[in-house]
Amino acid sequence: MRLRIDAFPLPVTAVKRLLSALTSSVRGLKSFKFSADATLEAAELKRPLINLIRNQTQLQELELLDLIRNPDLVVELCQVIPRLQTFNGELHDFTREEFRATLAVVAQGWPSLRCLGIVHNQEMEEVFDGADIEALLQLSDLEDVKIGLDCHLTLSISDIQHMGQ
C-alpha cells in the first residue's frame, strides 16, 4: 500500500493526532510520502512520525518534504527502516557541514539505497564540491541520485570519474 499525506494547512496538534491514529491502524506500507507546512515545528512531529514509520516493516520508499531541519531525524529514520530503497527529502537551514554529515548518515544507514533525492532549500554563498557528496559514492546499489542545491556546485573531472566507478 502507498500513503501520501499533505498536511496543509493543518495545525501541529491535528497532524500529531493524525500520525498517532495511523500508527495503530495502518500496516504494510511500501511507500510513504509526507509533507507539512514548512512553518510547523518539525520537532513536535518527529516522535509521531518515527512511531508510524517504525511499524512499517515493508517500507521501501520514503519522502519527507518541509520537515528535515537537522540530521537527527535522518539518523533515527536509518535506525527504524534500515532496508529503505528510495529516500527523498527536503533539507532546511542546513549548513554545509550538516549537509555533508546527513549524506554520510544516509550512506551508512541505508547501504541498499537505490534512489536518493535531496533538495537543500537555503540560498548559500558557499561553493559545494565533490567532497561534499563523497559519502554517496560508497553506496554500491545507488542508481538514481538527484541533488538540488541552491548554491554553486563544482565538480572536477576526477570527481566525475570517481562517480562512474
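If you're wondering where the values come from, they're calculated on a predicted model, not measured in any experiment. (Residues numbered from 1 in each chain as written. Predicted model: local features only at pLDDT ≥ 70, side-chain atom pairs only at ≥ 80, totals over all residues. Heavy atoms only, no water.)

Engineer: How would you sum up the overall build of the protein chain? Please name residues and give values.
Structural biologist: From N to C terminus, the protein chain includes 5 helices and 8 strands. Scanning the protein chain from its N terminus toward the C terminus, one meets helices and strands in the order β-α-β-α-β-α-β-α-β-β-β-β-α. Counting the 165 residues in the protein chain, one finds 45% classified as buried. Here the contacts in the protein chain between residues at least 6 apart in sequence split such that 81% fall between residues at least 24 apart. Element-wise, carbon and sulfur atoms account for 49% of the exposed surface of the protein chain, whose accessible area totals about 8,500 Å². (Helix = DSSP H or I, 4+ residues; strand = E, 2+ residues; numbered from the N terminus. Buried < 20%, exposed > 50% of the residue type's maximum accessible area, 1.4 Å probe, protein only. Contact = heavy atoms within 4.5 Å. Areas by Shrake-Rupley, 256 points an atom, 1.4 Å probe, with all protein chains shown as cover.)

Engineer: Account for unusual backbone geometry, naming residues and giving values.
Structural biologist: In the segment running from F8 into P9, the intervening peptide bond is cis, with an omega of -15°. Looking at the secondary structure, you find P9 in the loop between β1 (2–7) and α1 (12–25).

Engineer: Provide a residue-level description of the environment of L142, including the pertinent values.
Structural biologist: Tracing the chain through its elements places L142 in the loop between β6 (127–129) and β7 (144–149). For L142 and Q85, which are 57 residues apart along the polypeptide, the C-alpha to C-alpha distance reads 8.8 Å. Once you skip the residues sitting within four places of it in the chain, L142 turns out to touch L113, R114, C115, L116 and L136.

Engineer: Talk me through the pattern of salt bridges; I want residue IDs and the actual numbers.
Structural biologist: What the rule picks out here adds up to 9 salt bridges. Its salt-bridge partner being R96, residue D132 comes within 2.9 Å of it at the nearest N-O pair. Here the residue D132 occupies a position in the loop between β6 and β7, and R96 occupies one in helix α4 (residues 96–109), the gap between them amounting to 36 residues. For the pair shown, D132 and R96 are each scored as buried. Connected via shared salt-bridge partners are R2, K33 and E61. (Salt bridge = Lys/Arg side-chain N within 4 Å of Asp/Glu carboxyl O.)

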